[in-house]
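# Topology and contacts: notes
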Amino acid sequence: MLASSPTLLFLLFLLPPPSLPADVTVPSDPSVQWEELSGAPLSHLLLDSEAGRLYVGGVDHLYQLTLDLEVMSHVKTGPHLDSPDCLPPIVPQDCPSATSTHNHNKLLLLEAGQGAEPGSVIVCGSLYQGICDKRSLSNISQLIYQTSNPVDTQYVAANDPRVSTVAVVITTKNKQEEGGTGGILRLMLVGRGYTSKGPGDIPPITTRRLFPVVSPRRAFSQEEELGKLVVGSYSEYNNHFVKAVTHGDHVYFLFSRRDMWHKKEYRTYASRLCTSDRSFYSYVEVPLLCHGGYNLAQGAWLGHHSGEPALFIVMAAGQASTPVATSRSALCVYRMAELDSMLRRAQEVCYTEGGRGSSGQEEAYIEYAVSSKCLKLPKDSLSEYPCGGEHTPSPIASTVPLSAMPTFNTTTQMTAVTTATEAGHTIAFLGDREGRLHKVLVHSDRSGQQYGSVLVDSGSAVSTDLLLDDSQQHVFVLTNSRCQRHLQPNHWLWSFEPTNQCVTVQSLQPANQSKDEQTQSSALVPMGLSTTVVLKGRNLDVYTDEAQYMCVVEIEGTQINLTAAVEKTQDNTHTFTCSPHQFQYAVSQLQYLATVYLRRGQRRIDTSPGLRLQLYDCSAGQSDCSQCRAVPEEYGCVWCPGSPSPSCVYNQSCSSIPVDTCPPPQISQVLPVSGPLEGGILVTITGSNLGMRYQDVVGGVTVAGVQCPPQPEGYQISTSVEEVNDTQLVCQTGSSNQTGEVPVRVLFGKAERSVPNVTFRYLDDPVITDATPAESFYAGGRVVMVTGRNLDVVQHPIISVWVEPLEVQRVKRKRRLALLTAKQQLVFNSTMTTVSERCSVLSSSQMTCPTPSVTPEVKVKGVWFQLDNVRVHYESIKGKSFTYYPNPQLFPLNREAPDTPHRFKPGGVIAVEVVMGNLQVDLGLVQYDSDSLLSPVPLAAQISLGAGAALIILSVLVVILMYRRKSKQALRDYKKVLLQLETLEINVGDQCRKEFTDLMTEMMDLSSDVGGPGLPLLDYRTYAERVFFPGQQTAPLSRQLDLPESRRQTVEQGLQQLNNLLNNRLFLTRFIHTLEAQQGFSQRDRGYVASLLTMALHDKLEYFTEVMKTLLQDLVQQYVAKNPKLMLRRAIKYQVDKGPVDSVTGKAKRTLNDSHLLREDVDYCSVAGHLTLSDDDVTAVVQGRWKRLNTLQHYKVPDGATVALIPRSQSSGGVGVNQVFQTGEKTPMLEGEEEEGLRLWHLVKSSEDPEIPKHRKSSMRERERAKAIPEIYLTRLLSMKGTLQKFVDDVFVAILSTKRPPPIAVRFFFDFLDDMAEKHGIDDPETVHIWKTNRFWVNILKNPQFVLDVQVSDSIDAVLSVIAQTFIDSCTTSEHKVGRIIMSLEEDSSGQKMQLAYRLQQVAALVENKIGSSPSVAGHCACAHPGVRCQTVSSC
């Protein structure tokens, strides 16, 4: 965004000037009116052209204006209490930094309505982290949507006034949300810069939802299914956005930032996204280069240049390597077709060529520091996935910039640009920081010429929102705080003079002019008479060169060029007398309006609007005397009785005396010749001389003696009838402003007919993209291959050449105001006009055009293609003119005697003729002689054959040598591979021997090591608190009430009353059911409330048991119809800690879980000395973005060294690191946070592809070979399993033992479940088994800290999870078949389950044996224990 954004200026150049509104202030300059607005600096301007309204956004103010700059509505948007460091809503107690803050307008967009939903104005400010609201289009003071409690996904704009924000509204189809909206999804794509305060995780480009918004969705929210530009570092990729536009099926963002790929300099980029891409797979960007050092975009506009879409960008030169713009700036123009081509090229190279072009140089790469890379996908990937996909790389950036030469440059910083196109000419309006508006004519070659400048608001910069209305007559300029309106009457668009005077042709002579108001300024010229045309113009003294003026008259697409003599008068008026010419036109009609204008060199000077040359033909349609005399008198048509027959001609063309009276009427036909007696039908009488006007026949027509009143609308002077085929009607279509299908209707008087099921389709105008060759010879006929789009729509494709004589006679005549007499000099065809040839259309994209033939005596001025009503000049296609060259000269075969045949090989006599286009040249005759002495094989042919044979032999030798070299190279590669395989075999063998040694670890080693002191069992109180309230240091019910003495008695009394209520069974059950019915009552809340109730009623277990039975009965009643089938820890810790354990990833060498297996060898050597060990100090190794934690290997601590823990000093900690010390076994040495910008690693890197410096890649080849077969480390799982097998067996035997009777509580609970099954008629043993098989022992196995005073690390927890899962699987009611179990485990591909498959079978057998050996007395069976499976209900 610009530092200062200024006022609204309304420039209106009209003929005549409109009247001033009464309430608008007029300054000293009578051509400008202005009005002050509050809220400076104003930042955004929005135009609603359909409703005729303007919207202006500034600081703390929002305005709605009419097109006459009258204020319709005004809203104050600030200041309010806010702080960029706090999240809304702002509470002063929670946000001490909040102060009264101004609200800067960041976005002002127009959202169209959808169905019954009205349109709105989207307004986003800098307050409250950049939230947005919607306001009414008709009255911005009416809010349509506003949130008082926004969530973090609704922060849209930047909260810093200095950081830019742009956005664009798009509408797409969404099949997932078709309900009620027709599948319409309206989104807003937002681009915003990085802000150092507030939420720092908002991506540079995000997608926000606008419509539909159905709960729980929110407007302006950034949802997961909506796309965003993922960035690795927000601060590094701080994009300064300038513009966001839509074009076709894409959205384009224009921004500048530091080039993170190459020279770290600031550059301007253009990025593109598909509108239908919700995942940003199609994101691609390309740098823009404006030659001359202009690298920072300040403003942009999407307009048209030479009929094609183009991006106009004003750029400034940056100050050194900073984003600060200097005053030196320029305008550069980029065609959208070229931009799209560069973006597609970057996609294609990154999709299919790995990012490198044909030369091997990198042309595309992955930007924004994300984990992706260019690939080598199939060649048709881009055509199959033009908008990308999950498998395609993104986001893509091009290294090749799109370059352009400056169109216009200046030493004043330009801030805004907009364009207008009129008659094929492009005018750019440029605003600068000093408050001026410059007008620049952009030529076809993208060069520019400034021709005017207007001071809008001195000292105030022009804002980027520089707008034109749809009619391109009003220019709206936003400056500081002022609304201005220009009322200059001259033609602003074509002004070429510093005082805004316009070069225009004002009048045209001959002086005989029609009385018709529509042709009041058009001169009447009779056809077939040599006439001189005189033009008058003014303000032509701005031209100082000696270029020649030409009068140009266009008749039926043909240009007639006439030399012009110039005469200047004292009142700054020029008179141009054109050379005489006899004008003709082929259309059979009375008059024809021909375009007339002046041309000076190659510059066209248009005439005033409505000024035409009106040609007319007296004989066209005037077949009798009455018709001729009915022609208006100013035409000068008379009925001439001369030979060979009377006719209607111009009065000065009649060789005899014109007649004053016409012959009597003649009737040739009467239709119909019959009718009903009642009459009332229309009778058509056809003839000649039936009067000159309608009044001549009124009262003079009778049929059968009865008066027949003539119908005024049916009376025609003309007796000629247009011939129309009764089976076919041919009509010519008019122009249309939009494409699509339209019905075909034919009107016959008051009758209307339409063709059913047939529609006519308007397509886009044909476009020519290339035409080759660009040269031809005078004879013509050379075929020009034309390529483009929609060429098959053209019915009459024509190539035309504009020519004029090399020497044109210059005739100077005085000013003439009357018609020339018949004795005037006849100058017919004194100048050549155009020559044309018809083209042949081959397909929709190709056609061929033979070049027309021209004579060497003329000069070719231009070549164009006439495609029906579309004209395409050759220069606009190729950027250069079409050239004609002299015809090629071909000499006769026998130059010495052209009439004598040329003698050649044996044979007869033939004639040789060469045809080149339209050029045909006879080269003479050829006679083939029969000379037996001539060698059948010429010497030249023999030499050629010998050279060819030698070349073939040499080629064969080269191929043989190359084959031998390749064979030797292949042999060397084969030996190298064998050597590598041998090395790999040795490494694998060494590793296997090492792992086998570990596998043979004696059980006695582990048994003796883990003996030691007894188990640290918890007391009952601690055990209950840990089970019921895990993760909390003290139980809630055991805490002391921290209350003031004044309230203690009241609170204790209330708690006593609550205790009385809890002892009421009806209240307690209703209370629990009420809580469970709440939607927000989660599973965690249920467990927490159950724990509180259990602890509160622990001294009344009988009452609590009855309550539990009641709740269980209700639960069974609710779900019975749904069939609900649904010393070890220490050994594990010691065994895990015997090997290396990664402190970052938790992977260990000794484990049962393959996902936590450390597949790496850690070796080190030792040194002696006294060391202080720390996870992180100045000696830590940093490689790229990876920082390794210090280990014993790093300090080279030997075996047997004495290690002691010492308290860590507060000063030794790093900045921003929080170290938490705990008592017990889990006091960590590692810090819990990673340093900013660095990733920590311990033994192995968390990434599968760690970053390795290039200079170390070669030294790590042996390490990579060793890691090529990671499965060799799976033996560690088997080693761990064999070591822990005895301890696992002891735990399972202790759990499944039936020597001791089951607890009374368990027996009571199981009997209760049997009663419930019998009561509800449940006879399925699987259901009863599921009820009785609780997870008590599984919970204890996985969480030993509930019973023992120990801590469990991640690596130990992984081992305990495997053992617990094995215990769960052993208690199933299904058959235990080893083959089926192993097959299912192999399908799961989990290494720890595969190694325990057979052990699972043994444990299951142990369970069955325990059940079988136990007595079958109810209450004494093995399944009375928690976790033991029960075969049937009766078995317990």
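For the structure itself, look to the data block above.
Summarised in this report is the structure supplied together with it. Only a predicted model underlies this, so the values are computations on that prediction, with no experimental measurement involved. (Residues numbered from 1 in each chain as written. Predicted model: local features only at pLDDT ≥ 70, side-chain atom pairs only at ≥ 80, totals over all residues. Heavy atoms only, no water.)

### Notes on the overall build of the protein
Regarding its fold elements, the protein presents 23 helices and 68 strands. Sorting the 1436 residues of the protein into buried and exposed places 40% on the buried side. For the protein, the accessible surface area stands at approximately 79,300 Å², while carbon and sulfur atoms represent 53% of it. (Helix = DSSP H or I, 4+ residues; strand = E, 2+ residues; numbered from the N terminus. Buried < 20%, exposed > 50% of the residue type's maximum accessible area, 1.4 Å probe, protein only. Areas by Shrake-Rupley, 256 points an atom, 1.4 Å probe, with all protein chains shown as cover.)

### Topic: the pairing of strand E38 (residues 549-555)
Along E38, seven of the seven residues are buried, which leaves the element largely enclosed by surrounding structure. Neither face of E38 is open: one carries Tyr549, Cys551, Val553 and Ile555, the other Met550, Val552 and Glu554, and all of them are buried. Bridge count for E38 against strand E42 (residues 591-600) is six bridges, and the pairing is antiparallel. Among the inter-strand pairings, Cys551 is bridged to a residue of E42, identified as Leu598. Pairing analysis gives six bridges linking E38 to strand E39 (residues 558-568), with the strands arranged antiparallel. (Pairing = 2+ DSSP bridges.)

### Section: the pattern of salt bridges
Applying the stated rule across the entire model yields 19 salt bridges. The residue Arg135 makes a salt bridge to Asp133 at a minimum N-O spacing of 4.0 Å. Residue Arg135 shares its accessibility class with Asp133, and that shared class is buried. For Glu225, the salt bridge goes to Arg217, with nearest N and O atoms at 2.5 Å. By relative accessible area, which is 42% here, Glu225 ends up partly exposed. Exposure remark for Arg217: the relative accessible area of 32% places this residue in the partly exposed category. (Salt bridge = Lys/Arg side-chain N within 4 Å of Asp/Glu carboxyl O.)

### A word on the sheet that holds strand E68 (residues 1239-1241)
Taken in spatial order, the three strands of this open sheet run E66-E67-E68, and their pairing is mixed. Two strands lie at the open edges of the sheet, namely strand E66 (1182-1183) and E68, each paired on one side alone. In this structure, strand E67 (residues 1186-1188) lies alongside E68, joined through three bridges in parallel fashion. Residue pairing in the sheet places Arg1188 in a bridge with Trp1241 of E68.

### A short note on the packing of aromatic side chains
Scanning the model with the defined rule gives 15 aromatic pairs in all. Taken together, a centroid distance of 4.8 Å and an interplanar angle of 45° make the contact between Tyr237 and Tyr368 tilted. Of the two residues, Tyr237 is situated in the loop between strand E15 (205-211) and strand E16 (240-247) and Tyr368 in the loop between strand E23 (364-366) and helix H2 (381-384); the sequence distance between them amounts to 131 residues. For the pair formed by Tyr237 and Tyr368, the shared burial category is buried. (Phe/Tyr/Trp six-rings, centres within 6.5 Å; stacked < 30°, edge-to-face > 60°.)

### Overview of helix H17 (residues 1304-1319)
When the terminal C-alpha atoms of H17 are compared, their 22 Å separation across 16 residues agrees well with the 22 Å that a helix rising 1.5 Å per residue should span. Val1306, Phe1310, Phe1312, Leu1313, Asp1314, Met1316 and Ala1317 are the residues of H17 that are buried. A positive phi of about 70° marks Gly1321, the residue just after H17. (Expected span 1.5 Å × (residues − 1).)

### Describing the pairing of strand E10 (residues 120-125)
The element E10 is extensively covered by neighbouring structure, given that six of its six residues are classed as buried. By the alternation rule, side chains of E10 split into Ser120, Ile122 and Cys124 and Val121, Val123 and Gly125, which are all buried. Where strand E9 (residues 105-111) meets E10, six bridges bridge the pair, whose relative direction is antiparallel. Counted as the bridge partner of Glu111 is Ser120 from E10. Two elements, E10 and strand E11 (residues 132-136), share five bridges in a ladder whose sense is antiparallel. From the neighbouring strand, Ile122 faces E11, where its bridge partner is Lys134.

### Focus: the side chain of Asn105
Considering the arrangement of structural elements, one finds Asn105 in strand E9. Given a relative accessible area of 8%, Asn105 falls into the buried group. With near-sequence residues (within four places) excluded, Asn105 lies in contact with Ser43, His44, Gly57, Gly58, Val123, Cys124 and Gly125. (Contact = heavy atoms within 4.5 Å.)

### Observations regarding the nonpolar core
In this structure, Leu254, Leu288, Ile313, Met315, Tyr334, Leu339 and Ile396 are the most contacted members of the largest nonpolar core, which totals 34 residues. The greatest single-element share of this core, amounting to eight residues, is contributed by helix H1 (residues 336-352). (Core = buried A, V, L, I, M, F, W, Y, C linked by side-chain atoms within 4.5 Å.)

### Remarks on the packing of H17 against helix H18 (residues 1325-1332)
Helix packing geometry: the angle between the two helix axes and the distance between the axes. Two elements in contact, H17 and H18, have axes whose closest approach is 10 Å; the angle formed by their N-to-C orientations is 150°. The crossing of H17 and H18 is right-handed. Seen from H17, the contacting residues are Phe1310, Leu1313, Asp1314, Met1316 and Ala1317; seen from H18, they are Val1328, Trp1331 and Lys1332. Of the residues in the contact of H17 with H18, the class split is six nonpolar, no polar and two charged. (Axes fitted to C-alpha atoms, helices over the stretch in contact; angles between N-to-C directions. Left-handed = near helix turned anticlockwise from the far one by under 90°. Nonpolar A, V, L, I, M, F, W, Y, C, P; charged D, E, K, R; others polar.)

### Details of the state of the cysteines
Tallying each qualifying case throughout the model produces 11 disulfides. Between Cys124 and Cys132 runs a disulfide, and the two sulfur atoms are separated by 1.9 Å. One quick way to see it: the torsion about the S-S bond of Cys124 and Cys132 is about 110°, and its sign makes the bridge right-handed. Each member of the pair, Cys124 together with Cys132, is buried. (Disulfide = S-S within 2.5 Å.)

### Overview of the sheet that holds strand E55 (residues 783-789)
Pairing is antiparallel in the open sheet, where four strands are placed in the order E53-E55-E59-E58. A strand with exactly one partner marks an edge of an open sheet, and here the two such strands are strand E53 (767-772) and strand E58 (840-841). Across two bridges, the pairing between E58 and strand E59 (residues 846-850) is antiparallel. Note that in E59 the partner of Val841 across the bridge is Met847.

### Re unusual backbone geometry
Trans peptide bonds make up the majority, and among non-glycine residues the majority have a negative phi. Ala40 connects to Pro41 through a cis peptide bond whose omega is 0°. Mapped onto the elements of the fold, Pro41 is located in the loop between strand E2 (32-36) and strand E3 (44-48). Here the bond from Thr772 into Pro773 is cis, since omega is 0°, no more than 30 degrees from zero. Within the fold, Pro773 resides in the loop between E53 and strand E54 (775-777). A positive phi angle, near 55°, is found at Tyr128, a position not held by glycine. Among the secondary structure elements, Tyr128 is positioned in the loop between E10 and E11. For Tyr128, a relative accessible area of 24% puts it in the partly exposed group. The phi angle at Tyr368 is positive, at roughly 70°, despite the residue not being glycine. A relative accessible area of 0% means that Tyr368 is categorised as buried.

### Digging into a positive patch on the surface
Taken together, the side chains of Arg964, Arg965, Lys966, Lys968 and Arg972 make up a positively charged region of the molecular surface. Here Lys968 shows up in helix H5 (residues 939-999). (Patch = residues over 30% accessible without salt bridge, like charges linked within 9 Å, V, L, I, M, F, W, Y side chains within 5 Å. Lys, Arg positive; Asp, Glu negative; His and termini not counted. Charge placed at Lys NZ, Arg CZ, Asp CG, Glu CD.)

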